Amino acid sequence: MKRNLISLGILLLFAFIQPVYAQNDRAADEAAIRDNVKQLETAWNTKSGVAYAKPFAEDADFVVINGTYIKGRDVIATSHQRIFDTIFKDTTLSLTVKQVRFLRPDVAVVHVSGRRDGPTKELVQDAFMTYVMTKEGKVWTISAFQNTAVAAR
């Protein structure tokens, strides 16, 4: 009887501890995901294509705001450096994470609103982005990215 009570006590202890560990892991994962988004914003504002591409998976899928599809971290870096050096050189970007939804412990869908500001009204653009992020080991990367223009109201 005593052994059964001890076993029951241990099982109950683990039942309460596991959710606490899961919540802590989820909070750390969400922080890492938010850091990836912040890195994109910082890289845009410092005009570094390499830094912009760093949070992306090596084989990431990327749909540009105009519907163009590109694939891979290297292409993302090169194409962004090109626009940073030309059309968007005088712009800034602000990103706000609206939602992080974990589909599995290692897969999340992230919705982000963004605003690009610039010296002319043609360079100002609001957008809504969807990221699919995956976790390999302890590192979260952007596996797929969809950028959608938001029409002026």
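Just above, that's the structure.
To keep things clear, this report deals only with the structure shown in the data block. (Residues numbered from 1 in each chain as written. Predicted model: local features only at pLDDT ≥ 70, side-chain atom pairs only at ≥ 80, totals over all residues. Heavy atoms only, no water.)

1. Digging into the overall build of the protein
Scanning the protein from terminus to terminus reveals 3 helices and 6 strands. Its helices and strands in sequence order give the protein the pattern α-α-β-β-α-β-β-β-β, from N to C terminus. Within the protein, residue pairs in contact and separated by at least 24 positions form 47% of the contacts whose partners lie at least 6 positions apart. Entry remark: accessible area of the protein is about 9,700 Å², with carbon and sulfur atoms responsible for 58%. (Helix = DSSP H or I, 4+ residues; strand = E, 2+ residues; numbered from the N terminus. Contact = heavy atoms within 4.5 Å. Areas by Shrake-Rupley, 256 points an atom, 1.4 Å probe, with all protein chains shown as cover.)

2. Some points on the sheet that holds strand β2 (residues 69-71)
Across the sheet, which stays open at both edges, the 6 strands sit in the order β2-β1-β6-β5-β4-β3 with mixed pairing between neighbours. In this open sheet, the two strands that pair with only one neighbour each are β2 and β3 (92-104). When strand polarity is set aside, the average angle formed by the axes of neighbouring strands in this sheet is 15°. With 11 bridges joining them, β3 and strand β4 (residues 107-117) adopt antiparallel strand pairing. Bridge pairing links T96 to S113 in β4. In this fold helix α3 (residues 73-85) packs onto β1 (56-63) and β2, with an angle of close to 60° to the strand it touches most, β1. (Pairing = 2+ DSSP bridges. Axes fitted to C-alpha atoms, helices over the stretch in contact; angles between N-to-C directions.)

3. Observations concerning the pairing of β1
With 4 bridges connecting them, β1 and strand β6 (residues 139-150) associate as parallel partners. Looking at the pairing, V63 lines up with Q146 of β6. Relative to β2, β1 runs antiparallel, the two sharing 3 bridges. What sits directly across from V63, in β2, is Y69. The hairpin formed by β1 and β2 contains 5 residues between the paired strands, and G67 there has a positive phi angle of roughly 95°.

4. Overview of the packing of aromatic side chains
Tallied over the full model, the rule gives 10 aromatic pairs. Relative to F84, the ring of Y52 has its centre 6.1 Å away and its plane inclined at 80°; by these criteria the two rings are edge-to-face. Of this pair, Y52 sits in helix α2 (residues 49-53) while F84 sits in helix α3; the two residues are 32 residues apart in sequence, bridging distant segments of the chain. One exposure class covers both Y52 and F84, and it is buried. Ring geometry for Y131 against F145: centres 5.0 Å apart, planes inclined by 75°, an arrangement best described as edge-to-face. (Phe/Tyr/Trp six-rings, centres within 6.5 Å; stacked < 30°, edge-to-face > 60°. Buried < 20%, exposed > 50% of the residue type's maximum accessible area, 1.4 Å probe, protein only.)

5. Some thoughts on the pattern of salt bridges
When the charged atoms of two side chains with opposite charge come close together, those side chains can pair. Tallying each qualifying case throughout the model produces 7 salt bridges. A salt bridge links E30 to R34; the shortest N-O distance between them is 3.0 Å. With E30 and R34 both in helix α1 (residues 2-46), this residue pair falls 4 residues apart, about one helical turn. (Salt bridge = Lys/Arg side-chain N within 4 Å of Asp/Glu carboxyl O.)

6. What about the side chain of T141?
For T141, the position within the fold is in strand β6. Dropping the residues within four chain positions of it, T141 is found in contact with N36, P55, F56, A57, V132, M133 and T134.

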